[in-house]
Amino acid sequence: MINTNIFKEKNFIGLFLFIFVISSCSSMNVTEEVVYDGGIRTVEASIKEDSTLDYETKAIFTNATVYFDFDKFNLNSKSLQTLKSAVSAMKDNESIKITIAGHADERGTREYNLALGQRRAEAVKDYFLLNGISSSRVSVKSYGEEQPVAYGSNEESYAKNRRAEIN
Amino acid sequence: MKKQLFILLLMMQSISSELMLEITKGSDDPYSVAILNFSGSEDVSRTIQGVIINDLKRTGEFRVLEENQLLSSPSAEDEINYDDFKLLNIDYIVMASIIEEDANNLYASYKIFSVKKKLQIRTSKVFGIPNKLRQLAHYMSDGIYEEITGIKGVASTRLLYVTEEIFNEESSFKLIVADADGLNEQILLRSTEPIISPSWSPDSKKVAYVSFETGVAKVFIQDIASGEREMVLENNFQISSPSWSPNGKFLSLTLYQDGNAEIYILNLKNKNLTRLTNHYSIDTESSWSPNGSKIMFTSGRSGSPQLYEINLRKFNSKPTRITFDGNYNAKGSYLPNGEGIIFVHRKDRSFQIALKYFNENFVRPLTNSKLDESPSISPNGNVIVYAISEDGVSLLSGVTLSGARFRLPLKNGEVREPSWSGFLR
């Protein structure tokens, strides 16, 4: 599992009065104000991955990735082929649990792509469930467009990034 | 250990890259303002004057003339020969002095004169904070802007955004707050995992954002001054897209608890959740209307992403579709006056920022590059900041409703997901 460690660093505390006066005399604006500054503190978010996970039994899936069309989350015949072997491996070894991470290409908004990545992961999960794998062995998440594997702004890269990875 | 970290942190901050300002196009009919040399100690006055000139130019609504471009250089009201300024088509004259009483007490006094009326129209004082000359200058800029345009200025407001830098193939993400001119950057959060969708609380004292630090998307709220933060809901599901209600009491969110993106409203006080949408397609990117009566969101229910509104004042109100132009309209937000929306609009193969007024039946494109996203509007409703992608690198760009354009590129790495604060002054 994952632990979260939060370190707090640096502290700028500013305590300043805030006064704002507006009065008008013979059509002229007269104002007095004081600059306000509330201060800022930096936070460090760090994750520690637990190394006790049994990667060996899962190695079989390391490269199980299926791909999708733009704005789509249906599985094509090539994907089904890939998933078929993953299903049989899971049936052979009841102890294997998997995580499916859905991804999107960079086009469109980040939040919509996060939702789209989730739909892709769910579509893969549905396939496992339909083939008799217990839902307790399959978890899903999405990274949207935040973790591309190809960086170009072209269809070739986009196609590589519209994917669901099974680990 | 802690001390070493602190020193490292200071070093990192001083070498951290700054956003550079570059104005690409200005308004067609700007106000002309003469800024006379500020009196006071040379370096302090010059710094402040430079910041103000930059602030005014960035609005795209001003033509700024300095003393070497003028026919005369009066240093007091009774020395002004208005005809000298009229000849150069100047509308307003700004005179200022910076008074340093001692190391900790500094204030600015400025006056604005109308060339047309041939009289002084404003006299103001701004009391500064030690070592914060730029902030003092931004306050003066906003006073000048407000006096001349009649609209509150945004030079003293702030931007929130995310940067990503890659060292040795490892990404480093930062949530950063900076002044509206992109300077005075300060780090709110540093993480090895992505950060998206930052947004300000209505009082601009807190921020909400999505962090992947636990392995899945989760929404956090962080107090800017204290650094205290909390995960808004602790469960096993992905949570995303936070948006604050105008009164600061609720947060609308996208929850994925039944495997699909649905919008909920979280009461921040008692943590009660109210479900807002219920559809098998994607519903996300909620945002509140300025008076809190409506929520707009992106939904895929028509077969492509489109914007919908839900009336919160009517019980069981059904979502109403509000965009029909094109096959991709997403991430909408309301103009501060509630008269229209800005959003991401796909035109042909490009994703652009567009504006639609409710009383018009057409979409106004505001930008013209390929992959524009994450538009955020200034609290005075005049400027939109958004992210663009250039040669595969994202940077921030801005457009004013008067037609001026500017960009805020980062020297190293990527900068994206801008969010404009409310008024701080």
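Please read all numbers here as calculations on a predicted model, not as lab measurements.

Engineer: Which parts of the structure should I look at to understand the environment of Val94(B)?
Structural biologist: Residues and elements named next belong to chain B. Along the chain, Val94 turns up in strand β4 (residues 92-102). A C-alpha to C-alpha distance of 6.1 Å links Val94 and Ala34, two positions 60 residues apart in sequence. Beyond its immediate stretch of four places on either side in the chain, Val94 contacts Val33, Ala34, Ile35, Leu36, Tyr110, Ile112 and Ile144.

Engineer: I would appreciate a short explanation of the sheet that holds strand β21 (residues 320-321) of chain B in the present structure.
Structural biologist: Working definition: the strands of a sheet are paired by backbone hydrogen bonds and lie parallel or antiparallel to each other. The four strands lie next to each other as β18-β19-β20-β21 (chain B), forming an open sheet whose pairing is antiparallel. Each of the sheet's edge strands pairs with one partner strand only, and the pair in question is β18 (283-288) and β21 of chain B.

Engineer: Before we go on, may I ask you to explain the pairing of strand β23 (residues 340-347) of chain B in this structure?
Structural biologist: Where a strand is regular, its side chains alternate between the two sheet faces. Residues and elements named next belong to chain B. In terms of strand pairing, strand β22 (residues 329-334) meets β23 through four bridges, oriented antiparallel. Looking at the pairing, Asn329 lines up with His345 of β23. Once β22 ends, the chain turns through five residues before running back antiparallel as β23, passing Gly338 with a positive phi of about 75 degrees. The hairpin formed by β23 and strand β24 (residues 350-357) contains two residues between the paired strands, and Asp348 there has a positive phi angle of roughly 55 degrees.

Engineer: Is there a simple way to explain the interface of chain A and chain B in this structure?
Structural biologist: Accessible area lost during the coming together of the parts is what is often quoted as the interface size. Listed per partner, the contact involves 47 residues of chain A and 67 residues of chain B. The element contributing the most residues to the side of chain A that touches chain B is helix α3 (residues 110-130) of chain A, with nine residues. Per-class residue counts for the side of chain A that touches chain B are 17 nonpolar, 14 polar and 16 charged.

Engineer: What is the right way to read the domain arrangement of chain B from this model?
Structural biologist: Each assigned domain of chain B is listed with its residue range as follows: domain 1 (22-149) and domain 2 (158-420). Centre-to-centre, using C-alpha coordinates, domain 1 of chain B lies 35 Å away from domain 2 of chain B.

Engineer: Quick question: what am I supposed to make of α3(A) here?
Structural biologist: Turn by turn, an α-helix covers 3.6 residues, leaving residues three or four places apart pointing in a common direction. All names here are of chain A. The end-to-end C-alpha separation of α3 is 30 Å, in line with the 30 Å expected for 21 residues at 1.5 Å each. Most of α3 is tucked away, with 18 of its 21 residues classed as buried. Where α3 ends, the next residue or the one after it, Gly132, has phi of about 85 degrees, a positive value.

Conventions we followed
- Residues numbered from 1 in each chain as written.
- Chains lettered and ligands numbered in written order.
- Predicted model: local features only at pLDDT ≥ 70, side-chain atom pairs only at ≥ 80, totals over all residues.
- Helix = DSSP H or I, 4+ residues; strand = E, 2+ residues; numbered from the N terminus.
- Contact = placed C-beta atoms within 7 Å.
- Pairing = 2+ DSSP bridges.
- Nonpolar A, V, L, I, M, F, W, Y, C, P; charged D, E, K, R; others polar.
- Domains from an automatic or database assignment.
- Expected span 1.5 Å × (residues − 1).
- Buried ≥ 20, exposed ≤ 12 C-beta atoms within 10 Å, placed from the backbone.

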